[in-house]
Each structure stands twice: as structure tokens, then as C-alpha cells.
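Structural description and commentary
Listed below, chain by chain, are the residues.
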Amino acid sequence: AATGGSGQVEAYTLKPGEGYRMPQLYAAPDPVLGDRDPGRELPPTTVCLQVVVSADGAVERSAPLSDRSECVAGGAPENRVLVEAAQDAVAMWRYSPAAVCHFAAGHAPADSSDCSEAERVEPVAVSLFYAFTFEIVHGQHTVKTR
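Being a predicted model, the structure only gives us computed values, none of them experimental.

What about the sheet that holds strand 4 (residues 59-65)?
- Here we have 4 strands laid out as an open sheet, ordered 4-3-8-9, and antiparallel in their pairing. Across the chains shown, the open sheet's two edge strands, defined by having one partner strand only, are strand 4 and strand 9 (140-145). Between one strand and the next, the sheet's axes are offset by a mean angle of 30°, whatever the strand orientation.
- As defined by bridge partners, strand 8 (residues 126-137) adjoins strand 9 across 6 bridges and the pair is classed as antiparallel.

Listed below in C-alpha cells is the structure:
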């Protein structure tokens, strides 16, 4: 989970009596290359983003990641258009925010992600990782997100 607005991403350790609810993505348009890449062919090419989601569920920012083996293509200058398309798309994504759930002493449920009986639900910012695989076959663009 990310904390504050300073741009730093810090790990958060849940304390006893706390649970964590993952953010839920509810609006996620796919990246579109449009006229940025006039090419007719592109073998499957994966670029990765770290996406920071604010406590209100909006995407605060995204940054390309190329430090994992499946993400190295994102560091290549010729794939800059793919990274830009992915960043333009995630900027429009919307989430139900992540939250830390605070339960009354001795009342934490077996499933700590179920906040329905929490005394207090505290929306929090989080950092998420996404990989986008672009492919163009005979001029037909596809993109897979995971």
C-alpha cells in the first residue's frame, strides 16, 4: 500500500484487528494505439506499468517498469508508443478504493478482506502492477492486460 501524497511507496504491515480490502477496478478502457503506430505487424510485445491508485479510487500516476524479465520491452525506445498508450488508458481507470478495515477488539472476521463488520473503514492509496501485451497481426491490433 502507498501512503501519503509524497510520491513514496511504502509497505504497510497490518496490525492485529486490521484487515485489508483490495481495490476493485470498475472502469478500465483498453489501451488504444490509434495512429501512434501505423505498423501492420508487431509480435506480442509486453510493457509494464506501476499504477498508483489514490484513496478515492482515481489513478494518481503511472510509471513504466522494465526491471522484470517480462517487462524489458518497455525500456526500448521503439516501444515508447506502447507505454504511452498504456499510460493514457490507465489514467482513465477508476477503482473502488483499497481500504484498511479496523475491527473492534476480538471481532476480526476469518476473512480479513471482508470489511462489512468493521468499526472503521479507512480508504488508502495503493500501488499496483500491470502488464500489457500488444500485438498487431495483418493490421489488427490486440492488447491483453493482466
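Now, onward.
Topic: the confidence of the model for the chain
- The predicted model of the chain has a mean per-residue pLDDT of 88, with 92% of residues at 70 or higher.
- The model gives residues 1-6 a pLDDT under 50, and that stretch makes 13 contacts with residues more than four places away or in other chains.

A closer look at the side chain of Ser-54
- With respect to the element layout, Ser-54 can be found in the loop between strand 3 (42-53) and strand 4.
- In this structure the side chain of Ser-54 is engaged in a polar contact, spanning 2.3 Å, whose partner is the side chain of Asp-56.

Re the nonpolar core
- Within the largest apolar cluster, 25 residues are counted, with the highest numbers of intra-cluster contacts made by Leu-49, Val-51, Trp-93, Tyr-95, Tyr-130, Phe-132 and Phe-134.
- Of all the secondary-structure elements, those providing two or more residues to this core are strand 3, helix 1 (80-90), strand 6 (98-102) and strand 8.
- Ignoring any residue separated from it by four or fewer positions in sequence, one finds Phe-134 in contact with Pro-31, Leu-33, Leu-42, Pro-43, Pro-44, Thr-45, Val-47, Leu-82, Ala-85, Ala-86, Thr-142 and Val-143.

Digging into helix 1
- Along helix 1, the residues that are buried comprise Leu-82, Val-83, Ala-85, Ala-86, Gln-87, Ala-89 and Val-90.
- Where helix 1 is buried, its residues touch strand 3, strand 4 and strand 8.

Points about the state of the cysteines
- Tallied over the full model, the rule gives 2 disulfides.
- Note that Cys-48 is cross-linked by a disulfide to Cys-71, the S-S spacing being 2.0 Å. Since a negative S-S torsion denotes a left-handed disulfide, the Cys-48-Cys-71 link at about -80° is left-handed. Here the residue Cys-48 occupies a position in strand 3, and Cys-71 occupies one in the loop between strand 4 and helix 1, the gap between them amounting to 23 residues.
- For Cys-101, the disulfide goes to Cys-115, at an S-S distance of 1.5 Å. Note that Cys-101 is positioned in strand 6 and Cys-115 in the loop between strand 6 and strand 7 (120-124), a separation of 14 residues in sequence. Both residues of the pair, Cys-101 and Cys-115, belong to the buried class.
- Here the disulfide map of the chain reads 1-2, 3-4, the bonded cysteines being numbered as they appear in the sequence.

Cut-off values and rules
Residues numbered from 1 in each chain as written. Predicted model: local features only at pLDDT ≥ 70, side-chain atom pairs only at ≥ 80, totals over all residues. Heavy atoms only, no water. Pairing = 2+ DSSP bridges. Helix = DSSP H or I, 4+ residues; strand = E, 2+ residues; numbered from the N terminus. Axes fitted to C-alpha atoms, helices over the stretch in contact; angles between N-to-C directions. pLDDT = per-residue confidence, 0-100. Contact = heavy atoms within 4.5 Å. Polar contact = N/O pair within 3.5 Å; in protein donor to acceptor, adjacent residues only side chain to side chain. Core = buried A, V, L, I, M, F, W, Y, C linked by side-chain atoms within 4.5 Å. Buried < 20%, exposed > 50% of the residue type's maximum accessible area, 1.4 Å probe, protein only. Disulfide = S-S within 2.5 Å.

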